[in-house]
Amino acid sequence: MKKQQVLDFYCGKRVFVTGHTGFKGSWLCRILIDAGAEVTGYSLEPPTQPNLFSQADLGAMQSIRGDVRDFAAMKKAFDASRPEIVLHLAAQPIVRESYRDPVGTYATNVMGTVHLLECVRQCESVRSVLNVTTDKVYHNNEWAWGYRENDPLDGYDPYSNSKSCSELVTHSYQNSFFAERHVAVSTARAGNVIGGGDYAADRILPDCICAAREGKPVVLRHPSSTRPYQHVLEPLFAYLLIAARQYEDGSLAGWYNVGPDECDCVTTKALAEMFCTFWGNGMHTEVHEDGGPHEAGFLKLDSSKIKDVFGWRPTWHIAEAVEQTVLFAKSQITGTCAAKEMQREIQRFMEASS
């Protein structure tokens, strides 16, 4: 499917999105609304102030405030919306926060997934489900090549491990309940996303933007950490592609890595220096390693499977992704409407060769 064909598929479809008030969820709902989908979101209040959800003009969707740990509330929202497609993005996504609150992290990321899949099990309308996890689900050997979908799952920290558990829960529900019900279920393991409108703490590009606004250097805690960075629109269009194709052909359901090309797996320092170059005004980096809790040093994904099965390819290289993030941040400083900037960026992404 071409990008426009993917969007055309969603016109008129009933789509249930968990975590819709977050950074990725807000971008995803903007895409779905513009595609003509009937979108219901289920999530806590936006996690930051300011936040992209409040800026993105998403009034055309049904937005329900609820906790994925509350099964009864989620089921009520499910029963009311009768979704055909379910996109599960709700999570506690920050590694450092998972060290501070491991119980809350497991409750959200594991039991939240159980509740979501139990709602699907009890809902006859659902045809396609995608659970969004992370590149960090793998047992990390710090090796130089990318992890494949058949490599062992065993995330180290509570966040990564809880998402590994979320994968296993999904596999069990698929085998136990959905195989004979014609409900296609997949997981997508995406890399680190960047893009305009991310205000979360402990993320490199939001930290860069805050430093630039304050006229301070960018402080790096782990400058040599290598991650599969990609623009937020890359995995979102991949999620929509997977959910659409498996809706039409359930044999395509499975477990998919969604990462950038190898040339776009860069160190934190390289990413921050790209940001400084695009921002200008003398921005520079400083290294202040703080000896904080363990985080993976080297992490890459092998995305051969999604390329072979769906013909998916990344659209923007890392430099373009950073440039778009800078352009979005500067547009906010000048007072440009965030929703219009999002639509402009989505259109540019659609028009780019893949």
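Use the structure listed above.
Residues numbered from 1 in each chain as written. Predicted model: local features only at pLDDT ≥ 70, side-chain atom pairs only at ≥ 80, totals over all residues. Heavy atoms only, no water.

1. What about the pairing of strand β2 (residues 38-43)?
- Burial analysis of β2 places five of its six residues in the buried class, the great majority of the element.
- Of the pairings in the sheet, the one linking strand β1 (residues 14-18) to β2 comprises five bridges and is parallel in character. Considered in β2, the bridge of Val17 is made with Gly41.
- In this fold, β1 hands off to helix α2 (residues 23-35), which returns the chain to β2; that crossover is right-handed.
- Relative to strand β3 (residues 62-65), β2 runs parallel, the two sharing four bridges. Across the sheet, Tyr42 pairs through a bridge with Ile64, a residue of β3. (Buried < 20%, exposed > 50% of the residue type's maximum accessible area, 1.4 Å probe, protein only. Helix = DSSP H or I, 4+ residues; strand = E, 2+ residues; numbered from the N terminus. Pairing = 2+ DSSP bridges. Right-handed = clockwise from strand over helix to strand, strands pointing away.)

2. Here's the deal with helix α10 (residues 268-279)
- Taking 1.5 Å of rise per residue, the 12 residues of α10 would be expected to cover 16 Å, and the 16 Å separating its terminal C-alpha atoms lies within 8% of that figure.
- Turning to α10, its buried residues are Thr268, Leu271, Ala272, Phe275, Cys276 and Trp279. One face of α10 carries all of its buried residues, which in axial projection span an arc of 140°.
- In this structure, the buried side of α10 is in contact with β7 (193-194), α8 (204-214), β8 (218-220), β12 (266-267), β13 (285-287) and α12 (318-333).
- Gly280, located one to two residues past α10, shows a positive phi value of around 75°. (Expected span 1.5 Å × (residues − 1). Arc of directions from axis to C-beta. Contact = heavy atoms within 4.5 Å.)

3. Describing the sheet that holds strand β6 (residues 184-190)
- Taken in spatial order, the seven strands line up as β3-β2-β1-β4-β5-β6-β11 in an open sheet, and their pairing is parallel. Each end of this open sheet is capped by a strand with a single partner; those strands are β3 and β11 (255-258). The sheet shows a mean angle of 15° between the axes of neighbouring strands, direction not considered.
- The pairing of β6 with β11 spans four bridges and is classified as parallel. Bridge pairing in β11 places Ala188 opposite Tyr256. (Axes fitted to C-alpha atoms, helices over the stretch in contact; angles between N-to-C directions.)

4. What to know about unusual backbone geometry
- A cis amide bond links Gln49 with the next residue in sequence, Pro50, at an omega value of 0°.
- Position of Pro50 among the secondary structure elements: in the loop between β2 and α3 (52-55).
- Despite not being glycine, Asp57 shows a phi value in the positive range, around 55°.
- Looking at the secondary structure, you find Asp57 in the loop between α3 and β3.
- Although it is not a glycine, Glu142 adopts a positive phi angle of roughly 55°.
- Tracing the chain through its elements places Glu142 in the loop between β5 (128-132) and α7 (158-178).

Everything listed is a geometric property; what it means functionally is a separate question.
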